[in-house]
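Structural description and commentary
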Amino acid sequence: MVDDERLGAVARFAGQALGAMAFSIAPASSDASFRRYFRITAGSNSWIAMDAPPEKEDLALFIKIARRFRVLGLHVPEVLACDLDAGFALLGDLGHVPYLQALNDETADRLYGDALGALVVLQTGTFADPDFLPPYDEALLRREMDLFPEWYLHRYLGLTPTDTQRQMLEAAFASLIASALNQPQVWVHRDYHSRNLLVNNIHNPGILDFQDAVRGPITYDLVSLLKDCYIAWPRARVVDWVKGYCALARESGLHRCEDDALFLEWFDRMGIQRHLKVAGIFARLHLRDGKSGYLADLPLTMRYLKEATALYPDLAALHHLLCTLPESP
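Reference entry: report on the structure contained in this document. (Residues numbered from 1 in each chain as written. Predicted model: local features only at pLDDT ≥ 70, side-chain atom pairs only at ≥ 80, totals over all residues. Heavy atoms only, no water.)

Enumeration over the complete set of coordinates arrives at 15 aromatic pairs. Ring centres 6.3 Å apart and planes at 45° place the aromatic pair Tyr230 and Phe282 in the tilted group. Within this pair, whereas Tyr230 is found in the loop between helix H8 (220-226) and helix H9 (235-251), its partner Phe282 is found in helix H10 (residues 260-287), the two being separated by 52 residues in sequence. The exposure class of Tyr230 is buried, given its relative accessible area of 18%. Centroid distance Phe263 to Trp266: 5.8 Å. Interplanar angle 55°. Geometry classified as tilted. With Phe263 and Trp266 both in helix H10 and 3 residues apart, the pair spans about one turn of that helix. Taken individually, Phe263 and Trp266 each receive the classification buried, so the pair is uniform in this respect. (Phe/Tyr/Trp six-rings, centres within 6.5 Å; stacked < 30°, edge-to-face > 60°. Helix = DSSP H or I, 4+ residues; strand = E, 2+ residues; numbered from the N terminus. Buried < 20%, exposed > 50% of the residue type's maximum accessible area, 1.4 Å probe, protein only.)

Here you go:
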């Protein structure tokens, strides 16, 4: 149990929100951000208390998106009480079991089927209010990929790209950005993966960590889910899921692409953009924030990058760079 002033304040906030009942409080989950979550338990009932330091996290944005997503019918936490000035919120508890813990060869089709269905629901929110979320524009896409040379190559591996390598990276980044912006633009969760989805017997899945949502490429959340940095599946199985989603999303009016190969290329190129970003983020979490557990997830992230860049001739130079990098400093 973390013993600090904010934990005591969270407990007092929860006590006021719940009334006089006695309860226990314990850590509920870890997070790559500055947010912390605690499970409040009283008898057979439980809730989640969020600690989002106001100088570092935008709790009002989380609440705004949570309420809008619930209107859509998504299974996101209900906001029961909040103190925006302090950075505290009391939320409904969506359960204890993340997808990552439950996924296996036998459960994957069912669990991913539920998640892909929920993803289509999320994306159809775009029809009602396309400007509700900020755009995943060229500047943001580029800023994310810049984390790779800065934090992964330079700060983590200790490598300084040559002028030729910088030019190559710039050309690759421009190509990936063009692919992302050419896709249909829909609401994007932005971290739709096995650690942020909870297994529920009814209304599966529970969906967490959506406060960074944007309006962007239709394949982004699909990549987050099916090329998850925490669990991997054979390429053939991933392709089948992508094709199934492509058909479902087309039937739902989210896109008009009749070419499965083009849709799969969008998916692959979006994955390269995301995994360049994620490699940089994992390195930054280790070096800047002291969260070194994410280093264990770097090998899979880099494997995705090597596999995807090998598929497209215009990214051959990036593929060569990735294959010649050391695995660790």
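So, on to H10. Helical geometry note: an α-helix holds 3.6 residues per turn, so side chains three or four residues apart project in the same direction. Here H10 spans 40 Å end to end across 28 residues, near enough to the 40 Å set by a 1.5 Å rise per residue. Most of H10 is tucked away, with 20 of its 28 residues classed as buried. In this structure Asp259 caps H10, since a side-chain oxygen of it lies 2.9 Å from the backbone nitrogen of Ala261. (Expected span 1.5 Å × (residues − 1). Polar contact = N/O pair within 3.5 Å; in protein donor to acceptor, adjacent residues only side chain to side chain.)

Residue position: Asp297 is located in the loop between H10 and helix H11 (298-309). Looking at Asp297, the relative accessible area reads 11%, which means it is buried. Sequence-distant contacts of Asp297, that is, excluding residues within four places in its chain, are made with Arg195, Cys229, Tyr230 and Phe282. (Contact = heavy atoms within 4.5 Å.)

Before going further, it helps to spend a moment on the pattern of salt bridges. For the coordinates displayed, the defined rule picks out 23 salt bridges. For the salt bridge of Arg269 with Asp314, the shortest nitrogen-to-oxygen distance reads 2.8 Å. Residue Arg269 is found in helix H10, and its partner Asp314 is found in the loop between H11 and helix H12 (316-324); the two are separated by 45 residues along the sequence. (Salt bridge = Lys/Arg side-chain N within 4 Å of Asp/Glu carboxyl O.)

Excluding glycine, residues mostly have negative phi values, and the peptide bonds linking residues are mostly trans. For the bond from Asn204 to Pro205, the omega torsion is 0°, close enough to zero to count as cis. Tracing the backbone through its elements, the reader meets Pro205 in the loop between strand S7 (197-198) and strand S8 (206-207). One non-glycine residue, Asp209, lies in positive phi territory at about 60°. With respect to the element layout, Asp209 can be found in the loop between S8 and strand S9 (214-217).

On to the pairing of strand S3 (residues 45-51), then. Counting buried positions along S3 yields 5 of 7 residues, so the element is predominantly enclosed. Pairing of strand S2 (residues 36-42) with S3, which is carried by 7 bridges, proceeds in the antiparallel orientation. Bridged to Ala42 within S3 is Asn45. Between S2 and S3, which follow one another and run antiparallel, lie 2 residues, and Gly43 among them has a positive phi close to 65°. Where S3 lies against strand S5 (residues 88-92), 5 bridges are found, and the strand directions are antiparallel. Residue pairing for S5: Trp47 is matched across the bridge by Gly92. (Pairing = 2+ DSSP bridges.)

This brings us to the sheet that holds S3. Two strands in a sheet stick together by hydrogen bonds in their backbones, pointing the same way (parallel) or opposite ways (antiparallel). The antiparallel open sheet is built from 5 strands, whose spatial order is S1-S2-S3-S5-S4. Each of the sheet's edge strands pairs with one partner strand only, and the pair in question is strand S1 (24-29) and strand S4 (79-83). The sheet shows a mean angle of 25° between the axes of neighbouring strands, taken without regard to direction. This element, helix H2 (residues 59-72), spans S3, S4 and S5 of the sheet and lies at about 160° to S4. (Axes fitted to C-alpha atoms, helices over the stretch in contact; angles between N-to-C directions.)

Tracing the backbone through its elements, the reader meets Lys64 in helix H2. Classification of Lys64 by relative accessible area gives partly exposed; the value is 45%. Taking the C-alpha atoms as reference points, Lys64 and Val79, separated by 15 residues in sequence, lie 9.8 Å from one another.

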